[in-house]
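# Summary of structural features
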Amino acid sequence: MTSTDELLPHMRKVQVAERDMRELGLVWQTIESAAAISCPEEVASILPTLSRTRERFGSLQVRLVASLANESLAELGDELGAQARCTIDILVRNLFERTADVGFLATDDVIRAFCAADDDERAGMAAAMRARLADYQSKYTVYEDVVLLAPDGTVLARLDADATLERSSDPLIAEAVGAHTYRERFGPTDLVAGGAPSLLYANRISQADGRPLGVLVLVFRFHDEMHRIFEGMADERGQTALVLVDDANRVIASNDIAHVPIGSLLPSVAFDDVVLTTFAGREYMAVGCQTRGYQGYHGPKWRAQAMVSLLTAFRTRDDATDIDVPLDSAQLTEIQHDADEINRELRRVVWNGQLMAHVGGRGDALRLKAVLNEVNVAGFRTRERVNIAVRDLYRTSLARTRRQSAELARLAADIMDRNLYERANDCRWWALSPAIAEQLAQPASEASSSALNAVLDRVNGLYTVYSRLVVFDAEGRVRGASRTEADPTLVGRMVDDGWLESVRRLSGAQRYAVSEFGPTDFHDAGDTYVYLAGVREPGTNVLIGGIAVIFDSRTEFGAMLRDVMGERRGAAAFVDASGRIVASSDPELTQGVVVQFDGDGAVVQHAGASWACARSPASGYREFKTADGYDNGVRALVALRLGPHDRRRSTLSEEALIVAPVKQRAPTLELGVFQVGGNRYALPADLLMQAVSHRGLVRAPSSLSHSVGMLEVQAEGVSRMIQVICARRLFGVNYPSRHGDGVVLVLRSERDPRLPALGLRVDDVLSVLEVEQSRMQEAPLAGRDACVTGIVDCELAAVAGKPQRNALVQVLDAQALFVLALGARRASATALPAAVAAS
């Protein structure tokens, strides 16, 4: 992957973040210097924390900028990679089917007989042969021409009636004659008007003893197919050049020939990686993908490449902004934890400083308050800017996964439709088999059934996507079937009533029918689709029976969905219009998410995790499901895991508390406010010494059920061990805390208020408030919870997306808290400061 350093000038969002955070770093330096000069004694206890915060913020700044740049580059790589990967994978799957077509059609008895005939016989058969080739092409519409040639290249028959070529010198003919399998070649050819480069599939036509009779050549609609693929890959910005490149790095197909002309030579690029490259004197970001192959077939040595101008590559996208879910990203989690820790430490510094200023007795409180105000403002700006950067990271990562789920759903739908297009073709072509029609025209007999079984076994052996092929007469009685060794009773059995009725309604050889997705007695591997076509008497339109090709849905759909998902965590599925799961790589997960959203995409919660879900309609391929009247109503659904589901994404510390200004000479109450679970609590400031980190907490045996251990704290220059009580256990908060939650409030001793008596572990500190005593209301639930002695009604400052609103702070009774935490006897031994007891 290209280094982000040379790309940063083009990443405006990253540049803005880097500038803002660099300016904030200077602000912290200024505050630290000014505090040390103006009131060194008052800020002596918080200066180390300010220095540590500045250093940690500097380190976080570097990581955030690097992460924003890397995520932007990865997002672009995903977008370009998805287009290139889908292009080459869809094409190779299509070409795999062509290799099967040419091999099977070369064994067609009618074609063999035509090639084996002498010149006079062929002249009489020419019109019928051209009609048969037209029948083939009308079903397999991916071909623009079908050509039969003698081993020396003489044209024996072809679909294109306007072509004048009598003998081809294309070396592909000699290659096919000397080979025992198909041959594939792309390049200029005299088989196409003007010698234009074309994709050809050739196979030797052989006698029963193996001697060559001729060569069959199928001319693939290459440029038409690439246009369809490119059209399906079009991005919302319309600025991506999507090309197909051969092994000489020459462009053989382009979605925009004015941008990247066919024949252009492109520099080589590493596969599956977003890199900086050049073309026509301009710089581009590009991703190239070669095929991973399909069922052992890798096709021509081609690659697909998606490229976008460096000038527009990193323009801001319209990403989802209102969804806040945890993501399975160790890097993002670490950055979020570090940012939370910096914010938590800043809140603790300000909270402790406010306690010092409220309690008094230590220097000039006004200067300390001024410093704390600057720290508070800078802390708020830092939190906001870091949060914006972290949210951008999350937003980009979330958008990447959501786009990926949408692309995979679209790919799954396309793969399914292209596969089933072949099924509709197969059943109609095989219904035209003279061998099948000949046997159905005869009375039922064991010999006739054996002949049909042999034909169907041979076909089914080549086309393993079917679990069974069945031929039945006009009354619906089975006359022949493949794989009868597994069930010898098949012949003579009546087919499903729906099959016969569907075939009878078909108006001609171009029409086909498909059963509902469901069970059938002719298939023992679950629900499936059955493709049906009518067999007609040769030379007439009289229906003499039908053919049913039973798709092996469980195997084939399963393989499609597994290929789409790869190693990703999640599920891919095909779901019908009623919500029924047709196939899934994970049925339980699919069932859990499919009922939770109706649109094209959503983030849903299931099994303790969040999932990025996308649904894409299977809208058809060529004439299949677009012009033939058939639609199975199936959509592809993909769910990709985002991360564990967490209901407590917001924190109370992000919301600033506001109280009414204190009137002059009005009695006041100073409160230290903190968070436990989803509630705000407060204790009188006189009781609180400081808030310290819970790090260093040592587990120790204790008879107190609420104890979480012992903690060493500093007081009057001496280290002391204090018992720490868990506020969550005291107040019955049963769900787990967030990562990083945990601050210990150090409570004073009565005997010497300069010394600590007890530690109370809470989730976080919020603020220190000065409120009029008249504003504290009696707690309505005081009888039920003896610790709560009153309620203070505050307001929350308006923030983005949230208006100003009310908030309640529950004021705790200090003595009752000690009793609840330590028991009555120990609480009386640990007497409170006189000022606290009096309150």
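Values in this document were obtained by computation on a predicted structure and should not be read as measured data.

Rules used in this analysis
Residues numbered from 1 in each chain as written. Predicted model: local features only at pLDDT ≥ 70, side-chain atom pairs only at ≥ 80, totals over all residues. Heavy atoms only, no water. Helix = DSSP H or I, 4+ residues; strand = E, 2+ residues; numbered from the N terminus. Rg over C-alpha atoms; globule rule 2.2 N^0.38 Å. Buried < 20%, exposed > 50% of the residue type's maximum accessible area, 1.4 Å probe, protein only. Contact = heavy atoms within 4.5 Å. Areas by Shrake-Rupley, 256 points an atom, 1.4 Å probe, with all protein chains shown as cover. Pairing = 2+ DSSP bridges. Axes fitted to C-alpha atoms, helices over the stretch in contact; angles between N-to-C directions. Parallel < 35°, antiparallel > 145°, perpendicular 65-115°, else oblique. Nonpolar A, V, L, I, M, F, W, Y, C, P; charged D, E, K, R; others polar. Salt bridge = Lys/Arg side-chain N within 4 Å of Asp/Glu carboxyl O. pLDDT = per-residue confidence, 0-100. Core = buried A, V, L, I, M, F, W, Y, C linked by side-chain atoms within 4.5 Å. Expected span 1.5 Å × (residues − 1). Left-handed = near helix turned anticlockwise from the far one by under 90°. Phe/Tyr/Trp six-rings, centres within 6.5 Å; stacked < 30°, edge-to-face > 60°. Lys NZ or Arg CZ within 6 Å of the ring centre and 35° of its normal.

So, about the overall build of the chain. On a plain count of helices and strands, the chain comes out with 17 helices and 34 strands. Radius of gyration (C-alpha) of the chain: 38 Å, far over the 28 Å computed for a compact globule of 839 residues. Considered along the principal axes of its C-alpha atoms, the chain spans approximately 125 × 65 × 45 Å. Of all 839 residues assigned to the chain, the portion counted as buried reaches 54%. Intrachain contacts of the chain at a sequence separation of at least 6 include 63% that bridge at least 24 residues. Accessible surface computed for the chain: about 36,900 Å², of which carbon and sulfur atoms make up 49%.

Pairing is antiparallel in the open sheet, where 5 strands are placed in the order S2-S1-S5-S4-S3. Looking at the sheet topology across the chains shown, the edges are occupied by strand S2 (155-158) and strand S3 (183-187). Averaged over neighbouring strand pairs, the angle between their axes works out to 25 degrees when direction is ignored. Relative to strand S4 (residues 198-206), S3 runs antiparallel, the two being bridged by 5 bridges.

Taken in spatial order, the 5 strands make up an open sheet running S19-S18-S22-S21-S20, and their pairing is antiparallel. Here the strands that pair on one side only, and so sit at the sheet edges, are strand S19 (581-584) and strand S20 (601-606). Neighbouring strand axes in the sheet, compared pairwise and without regard to direction, differ in orientation by 25 degrees on average. Along the sheet face, helix H12 (residues 553-565) touches strand S18 (570-575), S19 and strand S22 (635-644) and points at about 140 degrees away from the line of S18. Where helix H13 (residues 587-594) meets the sheet, its contacts fall on S18, S19, S20, strand S21 (609-617) and S22, and the angle it forms with S18 comes to roughly 70 degrees.

Once that is clear, we can look at the packing of helix H1 (residues 12-38) against helix H2 (residues 47-105). Packing of H1 against H2 leaves a shortest axis separation of 10 Å and a crossing angle of 175 degrees. Taken together, the axes of H1 and H2 lie roughly antiparallel to each other. Residue-level contacts link Val14, Ala17, Glu18, Met21, Arg22, Leu24, Gly25, Trp28, Gln29, Glu32, Ala35 and Ala36 of H1 to Leu47, Leu50, Ser51, Arg54, Phe57, Gln61, Leu64, Val65, Leu68, Ala69 and Ser72 of H2. Counted by class, the contact of H1 with H2 contains 14 nonpolar, 5 polar and 4 charged residues.

So, on to the pattern of salt bridges. Scanning the model with the defined rule gives 45 salt bridges in all. Here Arg98 and Glu422 are joined by a salt bridge, their closest N and O atoms 2.8 Å apart. On the criterion of sequence distance, the pair formed by Arg98 in helix H2 and Glu422 in helix H8 (residues 365-430) is long-range, its members being 324 residues apart. Owing to a relative accessible area of 2%, Glu422 belongs among the buried residues under this scheme. Between Arg504 and Glu501 there is a salt bridge, and its shortest N-O distance comes to 3.5 Å.

For the rest of this paragraph, the subject is unusual backbone geometry. In this structure, Ala280 takes a positive phi of about 55 degrees despite not being glycine. Topologically, Ala280 is positioned in the loop between strand S8 (275-279) and strand S9 (282-290). Not every positive phi belongs to a glycine, and Lys625 is a case in point at roughly 70 degrees. Within the element layout of this structure, Lys625 appears in the loop between S21 and S22. On the accessibility criterion, Lys625 (9% relative accessible area) is buried.

What follows covers the confidence of the model for the chain. Looking at the chain as a whole, the pLDDT averages 89, with 94% of positions reaching at least 70. Here residues 831-839 is modelled with pLDDT under 50, and outside its nearest four sequence neighbours on either side it reaches 17 contacts, counting other chains as well.

In the case of a regular strand, side chains alternate between the two sheet surfaces. Buried residues dominate S18, accounting for 5 of its 6 residues. Looking at chain direction, S18 and S22 are connected through 6 bridges and run antiparallel. Across the sheet, the residue bridging to Gly570 is Leu640, located in S22. Relative to S19, S18 runs antiparallel, the two being bridged by 3 bridges.

Take the nonpolar core next. Residues Leu244, Met285, Trp430, Tyr531, Phe557 and Phe574 are the most contacted members of the largest nonpolar core, which totals 159 residues. For this core, the element with the highest residue contribution is H8, accounting for 24 residues. Here Tyr531 is in contact with Leu420, Arg423, Ala424, Cys427, Tyr512, Ala513, Val514, Ile547, Ala548, Val549 and Phe624, once residues within four sequence places are set aside.

Before going further, it helps to spend a moment on H12. With 13 residues, H12 should cover 18 Å at 1.5 Å per step; its first-to-last C-alpha distance of 18 Å lies within 8% of that length. Taken residue by residue, H12 has Ser553, Glu556, Phe557, Gly558, Met560, Leu561, Val564 and Met565 as its buried positions. Immediately beyond the C-terminal end of H12, within one or two residues, lies Gly566, with a positive phi of roughly 60 degrees.

The N-to-C vectors of H2 and helix H6 (residues 222-233) enclose an angle of 145 degrees; their axes lie 10 Å apart at closest approach. Once H2 is placed against H6, the crossing between them reads as right-handed. Judged by residue contacts, Gln83, Cys86, Thr87, Ile90, Leu91 and Asn94 of H2 engage Glu225, Met226, Ile229, Phe230 and Met233 from H6. Its residues placed into classes, the contact of H2 with H6 shows 7 nonpolar, 3 polar and 1 charged.

Once that is clear, we can look at the environment of Gln439. On the secondary structure map, Gln439 appears in helix H9 (residues 434-441). For Gln439, a relative accessible area of 13% corresponds to the buried category. Along the backbone, Gln439 and Arg635 are 196 residues apart, and their C-alpha atoms lie at a distance of 40 Å. With residues near it in sequence (within four places) discarded, Gln439 still touches Ser448, Ala451, Leu452 and Arg479.

Here we take up the packing of aromatic side chains. According to the stated counting rule, one finds 24 aromatic pairs in the structure shown. Their ring planes at 90 degrees and their centres at 5.1 Å tell us that Phe96 and Tyr294 sit as a pair that is edge-to-face. Of this pair, Phe96 sits in helix H2 while Tyr294 sits in the loop between S9 and strand S10 (303-309), and the two are 198 residues apart along the sequence. The interplanar angle of 20 degrees and the centroid separation of 4.5 Å between the aromatic rings of Tyr136 and Tyr140 together place this pair among those described as stacked. Comparing Tyr136 with Tyr140, the two get one shared label, buried. Positioned above the aromatic ring of Phe522 is the side chain of Arg493, whose terminal nitrogen or guanidinium carbon lies 5.4 Å from the ring centre. Of note, Arg615 hangs over the ring of Phe597, and the distance from its end group to the ring centre comes to 4.2 Å.

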